[in-house]
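Structural overview
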Amino acid sequence: MTTDRPATPPAAPRPGAAASPPRATRDDRVRRGLTLADAAREFARHPSPWMIGAVLVAALVTRVALGDWRITDALVPLVILAVFPAFEWVVHVTVLHWRPRSLGPLTVDSELARKHRLHHTDPRDIPLIFIPTRSLALVIVTLVALALLAFPRTPLGVTFLLTMTVLGLTYEWTHYLIHTDYKPKHRFYRAIWRNHRHHHYKNEHYWFTVTTTHTADRLFGTSPDPAEVPTSPTARHLHGS
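Residues numbered from 1 in each chain as written. Predicted model: local features only at pLDDT ≥ 70, side-chain atom pairs only at ≥ 80, totals over all residues. Heavy atoms only, no water.

Topic: the overall build of the protein chain
- A count of helices and strands for the protein chain gives nine helices and two strands.
- For the protein chain, the N- to C-terminal ordering of α and β elements is α-α-α-α-β-β-α-α-α-α-α.
- Relative to its 241 residues, the protein chain shows a buried fraction of 37%.
- Residue pairs at least 24 apart in sequence account for 63% of intrachain contacts in the protein chain once pairs closer than 6 positions are excluded.
- Summing over all exposed atoms, the protein chain offers an accessible surface of approximately 15,000 Å²; the carbon and sulfur share of this is 65%. (Helix = DSSP H or I, 4+ residues; strand = E, 2+ residues; numbered from the N terminus. Buried < 20%, exposed > 50% of the residue type's maximum accessible area, 1.4 Å probe, protein only. Contact = heavy atoms within 4.5 Å. Areas by Shrake-Rupley, 256 points an atom, 1.4 Å probe, with all protein chains shown as cover.)

Brief notes about the UniProt feature "transmembrane region" (unreviewed entry) in the protein chain
- The sites that UniProt annotates as "transmembrane region" (unreviewed entry) are residues 50–69, 75–96, 126–151 and 157–178.
- Within residues 126–151, the helical portion is 65% and the strand portion 0%, while the C-alpha atoms at the span's ends are 37 Å from each other.
- Each end of residues 157–178 is marked by a C-alpha atom, and these two atoms are 32 Å apart; helix forms 100% of the span and strand 0%. (UniProt positions renumbered as here; feature names shortened; annotations may be inferred.)

What about the packing of aromatic side chains?
- Going through the model one piece at a time under the given rule, you end up with 11 aromatic pairs.
- Arranged with centres 6.2 Å apart and planes meeting at 45°, the rings of tyrosine 182 and tyrosine 189 form a pair that is tilted. Like tyrosine 182, the residue tyrosine 189 is buried in the burial classification.
- Chaining the aromatic ring pairs together yields one cluster made of Phe43, Phe130, Trp173 and Tyr176.
- In this structure, arginine 63 packs its charged tip against the face of tryptophan 69, placed 3.8 Å from the ring centre.
- The ring of tryptophan 98 carries the charged tip of arginine 101 above its face, separated from the ring centre by 4.2 Å. (Phe/Tyr/Trp six-rings, centres within 6.5 Å; stacked < 30°, edge-to-face > 60°. Lys NZ or Arg CZ within 6 Å of the ring centre and 35° of its normal.)

As for the packing of helix H3 (residues 47–66) against helix H6 (residues 133–149)
- Between H3 and H6, the least distance of the axes is 10 Å, while the angle of their chain directions is 15°. The orientation of H3 relative to H6 falls into the category roughly parallel. The handedness of the crossing between H3 and H6 comes out as right-handed. In this structure, H3 contributes Pro47, Ser48, Met51, Ile52 and Val55 to the contact, and H6 contributes Thr133, Leu136, Ala137 and Ile140.
- Residue composition of the contact of H3 with H6, by class: seven nonpolar, two polar and no charged. (Axes fitted to C-alpha atoms, helices over the stretch in contact; angles between N-to-C directions. Parallel < 35°, antiparallel > 145°, perpendicular 65-115°, else oblique. Left-handed = near helix turned anticlockwise from the far one by under 90°. Nonpolar A, V, L, I, M, F, W, Y, C, P; charged D, E, K, R; others polar.)

Here it is, written out as C-alpha cells:
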C-alpha cells in the first residue's frame, strides 16, 4: 500500500546568503527603459535587415574590387540623399496608402499596401513594422537590375546599389526603433519619432516621411501644426476598413 507524501517545501536560504534575483520579464525591461542594445537584438531577429545587409556587404566588396573611382561616384550618393525624402514620401503615399481598386473581377492591391494597413491597425506589432520578405526580394532584384543596366559604368551602378542599401537599412532601423519602447534621447531623433507617431496616432493624412522630418512633408504640404489637426477616426483603420 502506498501513502501520499506531502510535498517537500523549498529549502530556506542559508543565513547570510543572497536570494537569487527574479528573471527579468519584457514588462520589467519596458518599465526600466528599453536600451538600444535591447532594440538591436530584436531587430536582428527579423529577415529584412539581414537581406538588405547581405546586399550591402556584397555591393561594398564588389565596389572596392572594381575600383575605377571617379567624381560621379561621389555625386550619385549626394543626389540620392537629396531626393530620398521625396522618394520616401511618394512611396508612402502612393504605394503603402494605396486604396484597393477593382478592375473587373480583379482587385488591385499589393502586399505592401495590405501589410501597411495591418501595421496601422496595430503599430506595436513588431513583424508588421518590417518590409515584407517577398516584396523586399522584388525590390532587391529591381535595384540590382538598375545597377547593372541603367548606368553607363558598372562601378557607378554598384555605387548606386551600395547607397540605396545603406539608406534601406537606415530606413528599416529608424522605422523599427520608432515603434519600440525606446525613448528618444536626442533632439534630432525626437523630432523624427514625434513626426511618425503623429502619422499613426493623430492623422494618417499627414507626416509621411520616416527617416527625416520637415523635409518632403513641408515640400508637399503635409507637415501642419499638430495642434491644428483633428484626430482622424481612421488613423488606425486606413480607408475606413
